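# Examination of the molecular architecture
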Amino acid sequence: MKKAAPGGAAWKGMVHPWGVEPQSSEPESDILSIELRVPIFAFLCCKFTKFFVVLQIKDRVTPESLITIMNVRIDKTWHEALAEEWEKPYFSELAAFVHQEYGSGVVYPPAKQIFAAFDACPFDDVKVVILGQDPYHGPGQANGLCFSVADDVAMPPSLINIFKEVHADTGAPMPANGNLSRWAEQGVLLLNATLTVRAHTAGSHQGHGWEELTDAAIRALNDRRSGIVFILWGAYAARKGQFIDTSRHLVLKSPHPSPLSASRGFFGNHHFTRANDYIVAQGKAPIQW
């Protein structure tokens, strides 16, 4: 236990309800901080290095409340691009909700991967955006990238259909696993509209603020960048991307790759070659799908 600072209360200990230990090995002088007010907690302190953000919440209910550290990795360029969002009331409420959910039940993806899409694909490196809706809600599936699963997890049907179209469109063979981090590393932002979900309960974290944050991310790319390919599969993604400026970006739409709709226009959409043609025409390296 640490002694209280003059005029302050004692810190009783630390817990990690998001299921991860602190990852920062950077000296404090290399970490920048901002404070956000939240209704349930005294403050939300977003600390970030060039590698990741550490979210800290201090409960205000009693002077002897615990400090809870929630480690969330996010690339610094995205932290800066979304700086205004961290200051808004909805994000404070969202952080409180997500903190409570991870502390009281099983939530996906693992806490350190909540912002994996932003962490893996810096703002200035984005060439393609693929929009999803919810993370997978089955055990071990979600890894923070839409449509993607970990190396040792069986591919869901939608992802299998995506790879079928990749093969038909580009000739690339079916990969050994469904981990799409190799796409993210090439500049593909694999962004779900909602970044967390309760286990076995699809849509359980919708309407709590994630949609506003991910809308802000899309708007930032739309307004501050040009020449990005936005791939919108299904009616939900099409609605979410309806404000994208088609004079500055390429927008590709088709039905969703779900088995329920893939045969109605997802197969044969040629989105992967069309995206690469657009990227190459700008003098950039194509995506190795």
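Residues numbered from 1 in each chain as written. Predicted model: local features only at pLDDT ≥ 70, side-chain atom pairs only at ≥ 80, totals over all residues. Heavy atoms only, no water.

## Description of the sheet that holds strand β10 (residues 229-233)
Spatial ordering of the open sheet is given by β8-β7-β10-β11, a layout of four strands whose pairing is parallel. Lying at the two open borders of the sheet, with one neighbouring strand each, are β8 (188-192) and β11 (250-254). The mean inter-strand angle of the sheet, taken between neighbouring strand axes irrespective of direction, is 20 degrees. Bridge count for strand β7 (residues 128-132) against β10 is four bridges, and the pairing is parallel. (Pairing = 2+ DSSP bridges. Helix = DSSP H or I, 4+ residues; strand = E, 2+ residues; numbered from the N terminus. Axes fitted to C-alpha atoms, helices over the stretch in contact; angles between N-to-C directions.)

## Description of the pairing of β11
Bridge analysis of β10 against β11 gives five bridges, and the strand direction is parallel. Bridge pairing links L232 to K253 in β11. Since β10 and β11 lie parallel, the crossover through helix α8 (residues 235-240) that links them has a hand, and here it is right-handed. (Right-handed = clockwise from strand over helix to strand, strands pointing away.)

## Notes on unusual backbone geometry
A cis amide bond links Y108 to the next residue, P109, at an omega of -5 degrees. With respect to the helices, strands and loops of the structure, P109 is situated in the loop between β6 (107-108) and α4 (116-120). Despite not being glycine, F147 has its phi angle at roughly 70 degrees, a positive value. Along the chain, F147 turns up in the loop between β7 and α5 (157-170). Owing to a relative accessible area of 10%, F147 belongs among the buried residues under this scheme. Non-glycine residue H200 carries a positive phi angle of around 65 degrees. (Buried < 20%, exposed > 50% of the residue type's maximum accessible area, 1.4 Å probe, protein only.)

## Quick word on the confidence of the model for the chain
Predicted confidence across the chain gives a mean pLDDT of 81, with 75% of residues reaching 70 or more. The low-confidence segment residues 1-70, where pLDDT is below 50, has 157 contacts with residues more than four positions distant or belonging to other chains. (pLDDT = per-residue confidence, 0-100. Contact = heavy atoms within 4.5 Å.)

## Details of the environment of H256
Position of H256 among the secondary structure elements: in the loop between β11 and α9 (271-281). With relative accessibility at 27%, the residue H256 sits in the partly exposed group. Excluding residues within four positions of it along the chain, H256 makes contact with F147, S158, W233, G234, S261, A262 and F266. A distance of 2.9 Å separates a polar atom in the side chain of H256 from the backbone nitrogen of S258. (Polar contact = N/O pair within 3.5 Å; in protein donor to acceptor, adjacent residues only side chain to side chain.)

## Some remarks on the nonpolar core
If you look at the biggest cluster of nonpolar residues, it comprises 72 residues, and the most contacted ones within it are W78, F118, I130, W183, L189 and W289. Among the elements that line this core, the one with the most residues is helix α7 (residues 210-224), at seven residues. Residues in contact with W183, not counting those within four places in the same chain, are I130, I162, F163, V166, V188, L190, F272, Q288 and W289. (Core = buried A, V, L, I, M, F, W, Y, C linked by side-chain atoms within 4.5 Å.)

## Concerning the packing of helix α3 (residues 89-104) against α7
In helix packing, the relevant descriptors are the interaxial angle and the interaxial distance, both defined with respect to the helix axes. It is at 9 Å that the axes of α3 and α7 come closest, and there the two elements cross at 125 degrees. As the angle between them shows, α3 and α7 are arranged oblique. Between α3 and α7 lies a crossing of left-handed hand. In this structure, α3 contributes Y90, F91, L94 and V98 to the contact, and α7 contributes W210, E212 and L213. (Parallel < 35°, antiparallel > 145°, perpendicular 65-115°, else oblique. Left-handed = near helix turned anticlockwise from the far one by under 90°.)

## Quick notes on the environment of A220
Topologically, A220 is positioned in helix α7. In this structure A220 comes out as buried when scored by relative accessible area, which is 4%. Every residue in contact with A220, bar those within four places of it in the chain, is listed here: F123 and R225.

## What about α9?
Within α9 the residues assigned to the buried category are H271, F272, A275, N276 and I279. End-on view of α9: buried residues confined to an arc of 130 degrees, all on one side of the axis. The exposed residues of α9 that point more than 90 degrees off its buried face are D277 and A281. On the buried face of α9, the contacting elements are β7, α5, α6 (181-184), β10 and β11. Looking one or two places after α9, you find G283, whose phi comes out positive at around 80 degrees. (Arc of directions from axis to C-beta.)

## Things to note about the packing of aromatic side chains
Each aromatic ring pair is summarised here by two numbers: the centre-to-centre distance and the angle between the ring planes. Enumeration according to the criterion identifies 14 aromatic pairs in this entry. Ring geometry for F115 against F118: centres 5.9 Å apart, planes inclined by 55 degrees, an arrangement best described as tilted. Of the two residues, F115 and F118, both sit in the buried class. With a centroid separation of 6.1 Å and an interplanar angle of 55 degrees, the aromatic rings of W183 and F272 are classed as tilted. In this pair, W183 is assigned in helix α6 and F272 in helix α9, connecting sequence segments 89 residues apart. Taking relative accessible area as the criterion, F272 reaches 0% and is therefore assigned buried. The rings of F147, F163, W183, W233, F266, F267, F272 and W289 are connected pair by pair, giving a single aromatic cluster. (Phe/Tyr/Trp six-rings, centres within 6.5 Å; stacked < 30°, edge-to-face > 60°.)

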